[in-house]
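Structure assessment
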Amino acid sequence: MREKMGMGKGRVILKSLLFLLAATLLSGCGTDTGIDAGIDAGIKESEISVEVLPEQAGQKTGAEQETGAELAGTEQNAALYDRSPVSYDLSALPATENRMYAMWDGKVYFRQYTDESFEKGGLWADFKPIAGVEKALMCMEPDGGIVQTGTDYGDGSMFIANGRIYSQRCQEETYKVYSCGLDGKDVEEYNSSYVLAAREGRIICQTAEGGLSYIDTNIDAKTGREHVLVEESAYYLDATEEEVFFYGYQKSKETESQELVLCAVDYEGMVSVLKMFTRQEYLDCMGQDELYEYPMDIPYFKRLGDTLYFSAGSYNGNAHMYSGGPIYSMEKDGSSCHVEAVSYGQFFYLYDDGENRILYYKDPDIRTTSEDTGIRPVNLRGTAQPDIVLPQPYSAYDEPYVHGESNSILWYPDTSGVCYVLLTEEESAALSIDAYVDGSWMQAIEDIEYVDGRIFFTVTDLTYNRDSSIGWRDYYDRGRSACYCKDTESGEIRLLYEY
């Protein structure tokens, strides 16, 4: 049952970069983690140049892609990528919500950053954007041609609604959401701080106070109208055309403590508590003696139809490592809440073929070996058991990531259980990509997005800086960055720009 809620003041939760990096090095996979704050690391762009890679350099032709698709699920691919089934056929990729590349009227818009757009170094190779730097607004035509439409001073995520760009820019050390025309002109500024998502002409934002708002572009395509949904701290999870899901904290009458609450708010501003998760409930489920003094949160959230699936747990210790927790299922109105599994990690995978639905999670009671990753299935609906081999969930399955041994880009974009190879080992070698050398991080492959038959990604050279590292927090100096675009039909890979 839903109940009307008065939100308590939220607490800031530090996510563990150490956990992600350590897990990445162990698994040989990179991660893309920049969404919680509503602002990504940003693509890194310079003067545009175009280079078509020759077939003899490793590019797959259409016929070769078909041959690769026939190998899906074979022992060869399973041995290479430690997962199965695997597919090279990219024609089945679903549409996704993008953050760095925005599509409008058949064209793809993006910013062209320069070397002055980002800091020269950073802990964990997190290169912060430099405020006030001018960037070119670029447009890729349907035929692949690229033209500059104007200039822009924003960075991070950008969306287009009703013919206008919505993003954020820093002014006097404070981020503000703004909108502008596709040429960067007619700028309108709003009170919110970051853009989070776009739903049917509504731009969902994070407010300066850490709450939630949205800009309704359907009323006035130029100026929009800003609506505050949640005034106090709220942590965005997902949104539909009817409501926004988030978590926060509220004082419990029984425990007299601030407890984790999963909530939904409609676009009229009516906030409802779907469920409160007490610390005692967590301890009863996990069998642990303490949660330390750290709050619980919801690190991973998936929605399939009217059913919600999410993990709930705590990040503990000096490194803020995730200590495990239950994985819940719940109807979107808050009813029928169940613990489906207790997992060692915060991420899980959902398989659904329309008749059968299976939850795959990391079993905390299974020690990982080369023969057994400890991934276990839970039948949620139906009885069929597809032949699926999954890697350990060090990062979200639905985020593109880099396979360390092959430097391929892999992705689970849907619930089919198929792992798609966005960039093959041969293509990566042709681009001289080598993310890890002798266990050291040498290149970051990030901002990987699929847009209407094109895959965009950026490769940045890294140099470890021992003198600037702080204990276990590694510092890296930023080197050359190159942005590429791969046509999924022809297999052609273009170097768009570098700096």
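Below, the structure is looked at part by part. (Residues numbered from 1 in each chain as written. Predicted model: local features only at pLDDT ≥ 70, side-chain atom pairs only at ≥ 80, totals over all residues. Heavy atoms only, no water.)

Some remarks on the pattern of salt bridges
Side-chain pairing between opposite charges can occur once the charged atoms of the two side chains come close. Scanning the entire structure with this criterion turns up 16 salt bridges. For the salt bridge of Arg169 with Glu189, the shortest nitrogen-to-oxygen distance reads 3.9 Å. Of this pair, Arg169 sits in strand E9 (residues 164-171) while Glu189 sits in strand E11 (residues 188-189), and the two are 20 residues apart along the sequence. By relative accessible area, which is 16% here, Arg169 ends up buried. Measuring nitrogen to oxygen at the nearest pair gives 2.9 Å for the salt bridge that ties Asp398 to Lys302. Here Asp398 is found in the loop between strand E27 (375-381) and strand E28 (401-403), whereas its partner Lys302 is found in strand E20 (residues 296-304), with 96 residues between them in sequence. Taking the relative accessible area as the measure of exposure, Lys302 reaches 25% and is therefore partly exposed. Each of Glu97, Arg199, Asp238 and Arg303 takes part in a single network of salt bridges with overlapping partners. (Salt bridge = Lys/Arg side-chain N within 4 Å of Asp/Glu carboxyl O. Helix = DSSP H or I, 4+ residues; strand = E, 2+ residues; numbered from the N terminus. Buried < 20%, exposed > 50% of the residue type's maximum accessible area, 1.4 Å probe, protein only.)

Notes on the packing of aromatic side chains
A ring pair, where both rings are aromatic, is described by two values, the distance of the centres and the angle of the planes. One pass over the full model with this rule turns up 27 aromatic pairs. Pairing Tyr235 with Tyr249 gives two aromatic rings, centres 6.5 Å apart and planes at 80 degrees, and the pair type is edge-to-face. Residue Tyr235 is found in strand E16 (residues 235-239), and its partner Tyr249 is found in strand E17 (residues 243-251); the two are separated by 14 residues along the sequence. Classification of Tyr249 as buried rests on a relative accessible area of 2%. Counting every residue linked through ring pairs, the aromatic cluster contains Phe245, Phe277, Phe301, Phe310 and Tyr328. We note Arg202 situated over the ring of Tyr267; from NZ or CZ to the ring centre the distance is 4.1 Å. In this structure, Lys275 is placed above the aromatic ring of Phe277, and the distance from its NZ or CZ to the ring centre is 5.3 Å. (Phe/Tyr/Trp six-rings, centres within 6.5 Å; stacked < 30°, edge-to-face > 60°. Lys NZ or Arg CZ within 6 Å of the ring centre and 35° of its normal.)

What about helix H4 (residues 279-286)?
Because an α-helix completes one turn every 3.6 residues, residues spaced three or four positions apart along the sequence face the same direction. Looking at H4, one finds that the buried residues are Tyr282, Leu283 and Met286. All buried residues of H4 fall inside an arc of 95 degrees around its axis, so they share one side. Check the buried side of H4 and you find it contacts E20, strand E21 (307-316), strand E23 (325-331) and strand E24 (338-343). At the C-terminal side of H4, Gly287 shows a positive phi close to 75 degrees. (Arc of directions from axis to C-beta. Contact = heavy atoms within 4.5 Å.)

What about the sheet that holds strand E8 (residues 155-161)?
Strand order in this open sheet of four strands is E8-E9-E10-E11, and the pairing throughout is antiparallel. At either margin of the open sheet sits one strand with a lone partner, and together these are E8 and E11. Where E9 lies against strand E10 (residues 174-181), eight bridges are found, and the strand directions are antiparallel. Within E10, the position partnered with Ser167 by the bridge is Tyr178. (Pairing = 2+ DSSP bridges.)

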